[in-house]
Amino acid sequence: MDNRSIAQLLSETADLLEISAGDPFRIRSYRRAAEAVESSTVQLSEIANDTKKLLEIPGIGKGMAANIQEMEKTGTLPLREELLAKYRVSMLDLLRLPGMGPKSVALFWEALQVASIPDLEAAIAAGKLETLPRMGAKQIEKLKKGIEEQKKNSGRFLIDEAELAAEKLIDYLRKFDGIETITPAGSLRRGRETVGDLDILATGPACAKDKVQPAVEYTASYPPIADLIAKGENKVSFRLRSGLQVDVRLLPEASYGAALQYFSGSKMHNVTVRQRALKLGYTLNEYALARLEDGSVVAGATEQEIYAALGLNWIPPELRENNGEIEAAEQHRLPTLIEQRDIRGDVHMHTDATDGKNTIREMAEAAASRGYEYIAITDHSKNLAMTFGLDDERALEHIKHIREVNDEMEGRIRIFTGIEVDILHDGQLDLSDEVLARTDVVIASVHSLFNQPEEQMTERVLRAIENPNTRILGHPTGRLLLRREGFKINLQQILRRAAELGVAVEHNAYPDRLDLCDRDLRMAKELGCKISINTDSHHTSHMEKMSYGVRQLRRAWLAKQDVLNTLPANEFLAALRPRVG
DNA sequence: GCCGTTTTCGGCCCGACTGTTTTCAGTCG
């Protein structure tokens, strides 16, 4: 069983326990364990027999270790089965509705035998809900809306959509006199690949405690608001027409650092930081870090002073996932994370020879104007027929053409020749070895392999990277961060072999194709893989998207030296597996 | 159920908003 499935079973068990009004601390343990499993870079199935190793994972104790072993053996969990004898799995859908919590789910079930969203719709239509305590007209309306929303929306938004929405809102808020600083917090600030909702913090003289009302009103009248959810003293929540929920908080300047820390999360990071504060005799909330004994404020205006007062280095938001960053900050061994400006080249690009939109020259000019030192032109091969992929003959012509443009650029940028070849069903690459041997960058891409058994797919990818011409493994997880279902490979096995062979592993920077999530990237680093980053550009403007991939690299704790593209052109090529011949 | 500079029991993060209450429970982040 993979980590994801284990984490899901644990998390479902926590939900069911909560519906059954179980011990809140026991529930938290299940949630913590689920998160620990989900973010682990080790495949639990491989260490399930080793109880000692399981216990090394923070959040996994004796009970959870036994649970994990049980899941590996039977595919389920006794406690979960026990709870499901009493409740229904479909109740978990109800739990996802806004305004619905475990208490309401339990109440609906006990009073009306409502166990699913269709049940709930029927109960509402029959007017049965009004008979229940604290179910007024507004509450019922909220549920109806929630059901509609859930039918429309999948829930999470890609980082670039969220960022665009944030920028527009920030422009609007900035126009209000006395709002001076506006910062996105939450998972957007942490650089998550998807964002559940948008948290925006604002401060300035207009946000002072007794003067904030006009700014609140101004925020609540932001024109794109589709649905105002809540409006309080210093908080406005609403939904945009896109379905994205936004929370804006207007806070006094003295609290801004505390608020930023608080609302940037993650939840588990904050819990751990606050536990630390308590241990040191402080209490931390969104307004300040204060002494427990007399409530006197120790820090609050900046994040730096809060972390410092807790004996910690400032922690970059991308690392705040309770994955060891607090211990590292305590021991002054946080990594100096990679930055956008460290990236010198983009090595996966398409042109109008296949499915790109621009010429080689246009791509080169655009990259040069961004300050890149090198790029690789890597058009598709023939197997991807719908893109007019290159066969051997056209590939050779294309290589010649790339070299010509390279000369025309007169040293303003270096252009590597390249090709993105498909892995065929037998694991062979779809161009001849003679042609492949003549290009600088051969990316063997897994994107044609779908909906096949995991073992076969893994086997084929392994065979493809054994080909001595393969220098980069492209789209290792099938560029399907959001649609992974049809694509299962044993990534750990593949990364391990790639590391042995010196084949670099590609990380795609494009927001809807962030191939390796941060956990996978961390695993790649731990296994000693060479990591190359690119935008898989089909258009000159795609290069702008590199920042998303860089944030992903940061989340994986990667520093400059961990990424090949921070090397100068010659060193980049030299760092790849040696070319044949 | 986890965890330990309160070490094998007794703790376990913190506050705001809503709706339906007339002092608060439930939900959310």
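Further up the page is the structure itself.
Just so it is clear, the model here is predicted, and its values are computed rather than measured. (Residues numbered from 1 in each chain as written. Chains lettered and ligands numbered in written order. Predicted model: local features only at pLDDT ≥ 70, side-chain atom pairs only at ≥ 80, totals over all residues. Heavy atoms only, no water.)

Asks: Hey, could you go over the sheet that holds strand S11 (residues 345–349) for me, with residue numbers and the actual values?
Replies: Read across the open sheet, the 7 strands follow the order S11-S12-S13-S14-S15-S16-S17; overall the sheet is parallel. Whereas interior strands pair on both sides, the edge strands pair on one side only; in this sheet they are S11 and strand S17 (531–534). Going across the sheet, the axis of each strand differs from the next one's by a mean of 30°, ignoring polarity. By the bridge criterion, 2 bridges tie strand S15 (residues 472–474) to strand S16 (residues 504–508) in an arrangement that is parallel. Looking across to S16, one finds that Leu473 is bridged to Val505. The strands touched by helix H24 (residues 546–555) are S11, S16 and S17; relative to S17, the strand with the most contacts, the crossing angle is about 150°. (Pairing = 2+ DSSP bridges. Helix = DSSP H or I, 4+ residues; strand = E, 2+ residues; numbered from the N terminus. Axes fitted to C-alpha atoms, helices over the stretch in contact; angles between N-to-C directions. Contact = heavy atoms within 4.5 Å.)

Asks: So, the sheet that holds strand S10 (residues 297–299): which residues are in play, and what are the values?
Replies: Taken together, 3 strands build an open sheet; the order of strands is S8-S9-S10 and the sheet is antiparallel. At either margin of the open sheet sits one strand with a lone partner, and together these are strand S8 (282–284) and S10. Neighbouring strand axes in the sheet, compared pairwise and without regard to direction, differ in orientation by 35° on average. For strand S9 (residues 289–291) and S10, the ladder comprises 2 bridges, and the chain directions are antiparallel. Its bridge partner being in S10, Ala290 is matched across the sheet by Val297.

Asks: Can you explain the nonpolar core? Please cite residues and give values.
Replies: Residues Ile413 and Ile415 are the most contacted members of the largest nonpolar core, which totals 59 residues. One finds Leu16, Leu44, Leu94 and Leu129 within the second-largest nonpolar core, a separate group that totals 51 residues. (Core = buried A, V, L, I, M, F, W, Y, C linked by side-chain atoms within 4.5 Å. Buried < 20%, exposed > 50% of the residue type's maximum accessible area, 1.4 Å probe, protein only.)

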